[in-house]
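The residues making up each chain are set out below.
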Amino acid sequence: ADAAHGINKRFFYTDPQFQHLFKRDLEGLRESERAILFLPAGQASHIEIGIAYCMGKPCILIGEPAKPETLYLLFQERYQTIEDFLHTL
């Protein structure tokens with residue numbers, strides 16, 4: 001088990017609860033109008049933004065990547081701070 005999260009890695013991929021959460025997360029992305037990545041963000045958040053991009057969702061980046069990568073070019077909008085983003089609403 002992953003002591004920090006109480007996850008039994010042996011059954012992670014077949015556990016019905018994790019299957020349910022996965023489906024719920026994907027449904028949330030499908031229903032969204034756009035996707036926002038607020039940095040710093042974890043690995044799962046980066047995966048989600050990639051999925052949203054492939055779904056044709058407009059993607060927004062808030063914050064500055066520690067190490068810019070070419071795939072950060074997928075964002076249609078980029079803001080240095082949350083305040084900069086909020087001023088556009």
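Structural data are supplied above this passage.
None of these values were measured; they are calculated from a predicted model.

Enquirer: Whenever I open this one, the side chain of lysine 57 confuses me. Can you help?
Expert: Looking at where lysine 57 falls in the secondary structure, it is placed in the loop between helix 2 (43–54) and strand 2 (59–62). Buried and unpaired, lysine 57 has no salt bridge, with glutamate 33 as the nearest side chain of opposite charge at 8.9 Å. If sequence neighbours within four positions are ignored, lysine 57 has contacts with Leu29, Arg30, Glu31, Ser32, Glu33, Arg34, Ala52 and Gln76.

Enquirer: In this structure, what is going on with the state of the cysteines? I would like to understand it.
Expert: One covalent bond between the sulfur atoms of two cysteine residues makes up a disulfide. Overall, the coordinates contain zero disulfides when judged by the stated rule. Cysteine cysteine 54 is unpaired, with the sulfur of cysteine 59 as its nearest cysteine sulfur at 9.0 Å. Classification of cysteine 54 as exposed rests on a relative accessible area of 69%. Taking relative accessible area as the criterion, cysteine 59 reaches 0% and is therefore assigned buried.

Enquirer: What's the story with the pairing of strand 2 in this structure? I'm lost.
Expert: Consecutive residues of a regular strand have side chains that alternate between opposite faces of the sheet. The side-chain alternation of strand 2 yields two buried faces, one formed by Cys59 and Leu61 and the other by Ile60 and Ile62. Examined bridge by bridge, strand 1 (residues 35–38) and strand 2 share four bridges and lie parallel to one another. Directly across from phenylalanine 38, in strand 2, lies its bridge partner isoleucine 62. The parallel pair strand 1 and strand 2, bridged by helix 2, forms a crossover whose chirality is right-handed. Here strand 2 runs beside strand 3 (residues 77–79); their pairing, made up of three bridges, is parallel. Pairing of isoleucine 60 across the sheet is with glutamate 77, part of strand 3.

Enquirer: Just checking my understanding: could you explain the sheet that holds strand 2 for this structure?
Expert: Adjacent strands of a sheet pair through backbone hydrogen bonds, lying either parallel or antiparallel. Read across the open sheet, the three strands follow the order 1-2-3; overall the sheet is parallel. Looking at the sheet topology across the chains shown, the edges are occupied by strand 1 and strand 3. This sheet shows a mean twist of 15° between the axes of neighbouring strands, independent of strand direction. Sitting on the sheet, helix 2 is in contact with strand 1 and strand 2, with an inclination near 155° to strand 1.

Enquirer: Mind showing me how you'd approach the nonpolar core here?
Expert: Generally speaking, nonpolar side chains in soluble globular proteins are found buried as a group. Within the largest apolar cluster, 12 residues are counted, these being Leu26, Leu29, Ala35, Leu37, Leu39, Ile49, Ala52, Cys59, Leu61, Tyr72, Leu74 and Phe75. Among the elements of the structure, helix 1 (16–31), strand 1, helix 2 and strand 2 are those that each provide at least two residues to this core. Excluding residues that lie within four positions of it along the chain, leucine 61 makes contacts with Leu37, Leu39, Tyr72, Phe75, Glu77, Arg78 and Tyr79.

How each quantity is defined
- Residues numbered from 1 in each chain as written.
- Predicted model: local features only at pLDDT ≥ 70, side-chain atom pairs only at ≥ 80, totals over all residues.
- Heavy atoms only, no water.
- Helix = DSSP H or I, 4+ residues; strand = E, 2+ residues; numbered from the N terminus.
- Buried < 20%, exposed > 50% of the residue type's maximum accessible area, 1.4 Å probe, protein only.
- Lys, Arg positive; Asp, Glu negative; His and termini not counted.
- Salt bridge = Lys/Arg side-chain N within 4 Å of Asp/Glu carboxyl O.
- Contact = heavy atoms within 4.5 Å.
- Disulfide = S-S within 2.5 Å.
- Pairing = 2+ DSSP bridges.
- Right-handed = clockwise from strand over helix to strand, strands pointing away.
- Axes fitted to C-alpha atoms, helices over the stretch in contact; angles between N-to-C directions.
- Core = buried A, V, L, I, M, F, W, Y, C linked by side-chain atoms within 4.5 Å.

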